Protein chains: 2
Amino acid sequence: MATLKDIAKHANVSTCTVSRYLNSNIVVKKETEVRIEEAIKKLGYVPNIIAKSLKQQETSNVAVILPKLNHLYYSEVTSGISQTLAEHHYNIFIYEVDNLHLDEEGIMNLMRENMVAGIVFIGLFPDTSFQEKIKEVFLGWKIPVVYTNRCIPYDGFPLLYPNLVKASKIGTEHLIKRKKEKIAFMHKPLPKDLLNQFLKGYREAINRDHEPLFIEISDDKNVNKEYVQKLIEHQINGVFVLDEKSAVYLTKTLAKSNIQVPYDIAVLSLGNSLISEISTPELTCVDLQNRVLGQKSAEIILNQILNKTFEDVTVLEPFIVEREST
Amino acid sequence: MATLKDIAKHANVSTCTVSRYLNSNIVVKKETEVRIEEAIKKLGYVPNIIAKSLKQQETSNVAVILPKLNHLYYSEVTSGISQTLAEHHYNIFIYEVDNLHLDEEGIMNLMRENMVAGIVFIGLFPDTSFQEKIKEVFLGWKIPVVYTNRCIPYDGFPLLYPNLVKASKIGTEHLIKRKKEKIAFMHKPLPKDLLNQFLKGYREAINRDHEPLFIEISDDKNVNKEYVQKLIEHQINGVFVLDEKSAVYLTKTLAKSNIQVPYDIAVLSLGNSLISEISTPELTCVDLQNRVLGQKSAEIILNQILNKTFEDVTVLEPFIVEREST
DNA sequence: TTGTAGGCGTTATCAC
DNA sequence: GTGATAACGCCTACAA
């Protein structure tokens, strides 16, 4: 494989002339340029980024760390990241933590070993011990970090997440607008602080004399008649479901119970992926702007790398996508 | 950041002792080991893979090149790749070609620049001009390559795909077993060679006096009543749909037309993602083993890297997953 | 068992 | 405008 040296020799100039020409650091004589270009073409020269990275002590690789890729949420966010990074000629490493068999320390060492230019954590590591590790990386080793989609208080490194309080609020308001005033919340097991945010938005929207009904779906189950029974008992006519898959299974179960969606009970889900779109009936939902989330995450990483300013906390505004289920 | 040199100095040994100790090339005196370990811990040493890669002229980064990540098919295959590669401590680069704004030459140069250890192409580049480029990379520059999920004749580089003829055959057979003998094929626009494979499997399964009905769905449309009308005209009672999303929209449209699935018309889709699972009714489908496809793709790359033997062509066997739509 | 030194392909600091 | 030379951090012959 041809190297810079080979090009230099072939073009009768020094390596540094070639290097500077390629990086547009200097203007070279037209004649020199021609000879260099010719040599590059003839020898099929391609620069070696590894050598460059070693010399410059920085790579153009950004790591994305997430639980799993084969999920519409994560792949959408990641695709957004990938899009923005590609525009700036950065490469993207994917790490699925479940596959890594590494503890937090191991993951961080992996990042350092590979000299990644930045790290995007997506919705991960609820425990605070890891936050300390991330802070260490961010503050100590000065690796740009973004924490995407964990709604935690600001703690020294940039955060980026959707406004969950508002998501919950506009979702609830939408149901109320559809004359569904007895509204239940359905959700898979969830950290308490998250749940509190949803509760807050819900409270802001709801009539104060309406007793909220929170229904937690076991992690090992889908929504079934048992859950629908609860809805009936409480004379619920609107349900806000915190994940799309559960929302789908809810509508399925309602249909089997001869309960009409949205006439008897309206269903609104959080998250607007293909799932909501293809469900029967198609689900009205709160769009959390997943792709934008990814794009902005990448932007914040890039701004850090390029020493530009960036927001400590970026909050995305959710919006309603109306379909058939409300 | 501490380097090997620092460790060596701190432990009062030479860099090469440390290096060889770390790479388990030699056994060192217990005492030396202790001193080295102590230095590593004290200085927080992490090896620099970039420098290592430069020296060894090889990286442990494998590139996955695909059209888009935010799709259940691609993300599932990629997750499989990621899983197997992670087990062998390889990193994975993701390149979404739509975002790259690079022609084939540009993509290949990117691979060389980054000195990737291998490349997995997933379902891409139907035109043969690019096949030539890939062959050049594979044979000329000796970068391990796998071509995943393009059912083309063997042409010098390893191929890996599901048995589409069989997929089509067992799908058709399943419909026949359910007493649905007037079977239509529905599909989005498709390269002719692919279509021929499906046709072949179909022919092997079907009664010879049954005239096949192929329905192509416009790229800009979902299945609608117009298509259902065709089914009725031809007295179809079973449909084999070549993509899950279309299958879902077909069942939706059938429901709206008061046609019962599976009683009046059975529907069977190709591909077993979450989409088939959550559709109403849940779709019987042909599982193409997407995750396994990814895993095996990674294995073939690894075998090439490690100079082990590997199959030129690997064909995966599809199987039926029975749900409610047949 | 351990040390010395050269080089992987680049860029950067000088000097000319 | 251009060139020589020294790094970047690691591995590895070869030497001791």
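If you're wondering where the values come from, they're calculated on a predicted model, not measured in any experiment.

Basis of the calculations
- Residues numbered from 1 in each chain as written.
- Chains lettered and ligands numbered in written order.
- Predicted model: local features only at pLDDT ≥ 70, side-chain atom pairs only at ≥ 80, totals over all residues.
- Heavy atoms only, no water.
- Axes fitted to C-alpha atoms, helices over the stretch in contact; angles between N-to-C directions.
- Helix = DSSP H or I, 4+ residues; strand = E, 2+ residues; numbered from the N terminus.
- Parallel < 35°, antiparallel > 145°, perpendicular 65-115°, else oblique.
- Left-handed = near helix turned anticlockwise from the far one by under 90°.
- Contact = heavy atoms within 4.5 Å.
- Nonpolar A, V, L, I, M, F, W, Y, C, P; charged D, E, K, R; others polar.
- Pairing = 2+ DSSP bridges.
- Near = heavy atom within 4 Å.
- Polar contact = N/O pair within 3.5 Å; in protein donor to acceptor, adjacent residues only side chain to side chain.
- Least-squares fit on C-alpha atoms with pLDDT ≥ 70 in both.
- Salt bridge = Lys/Arg side-chain N within 4 Å of Asp/Glu carboxyl O.
- Buried < 20%, exposed > 50% of the residue type's maximum accessible area, 1.4 Å probe, protein only.
- Buried area = accessible area lost by both parts, 1.4 Å probe.
- Phe/Tyr/Trp six-rings, centres within 6.5 Å; stacked < 30°, edge-to-face > 60°.
- Lys NZ or Arg CZ within 6 Å of the ring centre and 35° of its normal.
- Expected span 1.5 Å × (residues − 1).

**Details of the packing of helix α9 (residues 164-177) of chain B against helix α10 (residues 192-205) of chain B**
Residue and element names in this part refer to chain B.
- One way to put it is that α9 packs onto α10 with a least axis distance of 7 Å and a crossing angle of 40°. Comparing the axis directions of α9 and α10 gives the class oblique. The crossing of α9 and α10 is right-handed. The segment α9 lies against α10, with L164, V165, S168, K169, T172, E173 and I176 engaging L194, Q197, F198, K200, G201, Y202, E204 and A205.
- In the contact of α9 with α10, the residues fall into seven nonpolar, four polar and four charged.

**A short note on the sheet that holds strand β6 (residues 183-187) of chain A**
Residues and elements named next belong to chain A.
- As summarised here, the arrangement of the six strands in space is β7-β6-β8-β9-β10-β12, forming an open sheet in which the pairing is mixed. The strands lining the two open edges of the sheet, one partner per strand, are β7 (213-216) and β12 (319-321). Strand-to-strand twist across the sheet, computed as the mean angle between neighbouring axes with direction ignored, equals 25°.
- One ladder, built from three bridges, connects strand β10 (residues 284-287) with β12; its direction is antiparallel. Bridged to D287 within β12 is F319.
- Sitting on the sheet, helix α10 (residues 192-205) is in contact with β6, β7 and β9 (266-270), with an inclination near 165° to β6.
- The sheet contacts of helix α12 (residues 244-256) involve β6, β8 (238-241) and β9, and relative to β9 the element is tilted by about 165°.

**Quick look at the protein's contact with DNA strand D**
- Taken together, 25 residues are adjacent to DNA strand D, and S14(A), T17(A), Q57(A), L4(B) and Y45(B) come closest.
- Here DNA strand D approaches the protein such that, of its atoms within 4 Å, sugar and phosphate make up 67%.
- Between DNA strand D and T17(A), the relevant distance is 2.8 Å, taken from a phosphate oxygen to a side-chain nitrogen or oxygen of the residue.
- Between S19(B) and DNA strand D, the recorded distance is 2.9 Å, taken from a side-chain N or O atom to a phosphate oxygen.
- At the level of secondary structure, the elements contributing two or more residues to the surface near DNA strand D comprise α2 (15-22) and α4 (49-56) of chain A together with α2 (15-22) and α4 (49-56) of chain B.
- Of the residues forming the surface near DNA strand D, the biggest block, four residues, is contributed by α4(B).
- When the residues that make up the surface near DNA strand D are grouped by side-chain class, the tally is 10 nonpolar, 10 polar and five charged.

**Some words on the packing of helix α11 (residues 225-233) of chain A against α12(A)**
Residue and element names in this part refer to chain A.
- At a minimum axis separation of 10 Å, α11 and α12 run at an interaxial angle of 75°. Comparing the axis directions of α11 and α12 gives the class roughly perpendicular. The residues of α12 that touch α11, namely those facing K225, V228 and L231, are L250, T253, L254 and K256.
- Residue composition of the contact of α11 with α12, grouped by class: four nonpolar, one polar and two charged.

**Side note on the relation of the copies chain B and chain A**
- If you rotate chain B by 180° and push it 0.0 Å along the axis, it lands on chain A with an RMSD of 0.1 Å. Such a combination of turn and shift is consistent with a two-fold rotation axis. Taking C-alpha positions as reference, the residue of chain B nearest the rotation axis is F93(B), located at 2.4 Å.
- Looking at chain B, 100% of its interface residues are interface residues in chain A too, so the copies touch through the same face.

**A few points about the pattern of salt bridges**
All names here are of chain A.
- Enumeration according to the criterion identifies 20 salt bridges over all chains in this entry.
- Linking E226 and K221 is a salt bridge whose minimum nitrogen-to-oxygen distance equals 3.5 Å.
- What you see here is one network of salt bridges that share partners, running through K169, K200 and E204.

**Details of the pairing of strand β10 (residues 284-287) of chain B**
Residues and elements named next belong to chain B.
- Burial along β10 is two-sided: T284 and V286 and C285 and D287, pointing in opposite directions, are all buried.
- Two elements, strand β9 (residues 266-270) and β10, share three bridges in a ladder whose sense is parallel. The partner of L268 across the bridge, within β10, is T284.

**A short note on the interface of chain B and chain A**
- Listed as interface residues are 49 residues of chain B and, on the opposing side, 50 residues of chain A.
- Carbon and sulfur atoms make up 60% of the area that chain B and chain A hide from each other, which totals about 4,700 Å².
- Where chain B touches chain A, the interface holds two salt bridges.
- A salt bridge links E282(A) to K252(B), with the shortest nitrogen-to-oxygen separation between them at 3.6 Å.
- If you look at where chain B meets chain A, you find 22 residue pairs in polar contact (both at pLDDT 80 or more).
- Counting only elements with at least two residues in the side of chain B that touches chain A, the list comes to α4, α5 (72-87), β2 (91-96), α6 (97-100), α7 (104-113), α12 (244-256) and α13 (274-278) of chain B.

**Some words on the packing of aromatic side chains**
- Enumeration over the complete set of coordinates arrives at 17 aromatic pairs over all chains.
- Between F185(A) and Y202(A), the ring centres sit 4.7 Å apart and the planes meet at 85°, which makes this aromatic pair edge-to-face. Taken as a pair, F185(A) in strand β6 and Y202(A) in helix α10 lie far apart in primary sequence, 17 residues in all. Both residues of the pair, F185(A) and Y202(A), belong to the buried class.
- Three or more aromatic residues joined by ring pairs make a cluster, and in this case those are F93(A), Y95(A), F93(B) and Y95(B).
- Positioned over the ring face of W141(A) is R112(A), at 3.7 Å from the centre of the ring.

**Quick word on helix α14 (residues 290-305) of chain A**
Residues and elements named next belong to chain A.
- With 16 residues, α14 ought to run about 22 Å at 1.5 Å a step, and its terminal C-alpha atoms sit 23 Å apart, in line with that.
- All of the buried residues in α14 are N290, L293, G294, Q295, S297, A298, I300, I301, L302 and Q304.
- Just beyond α14, the residue with positive phi is N307, at close to 55°.

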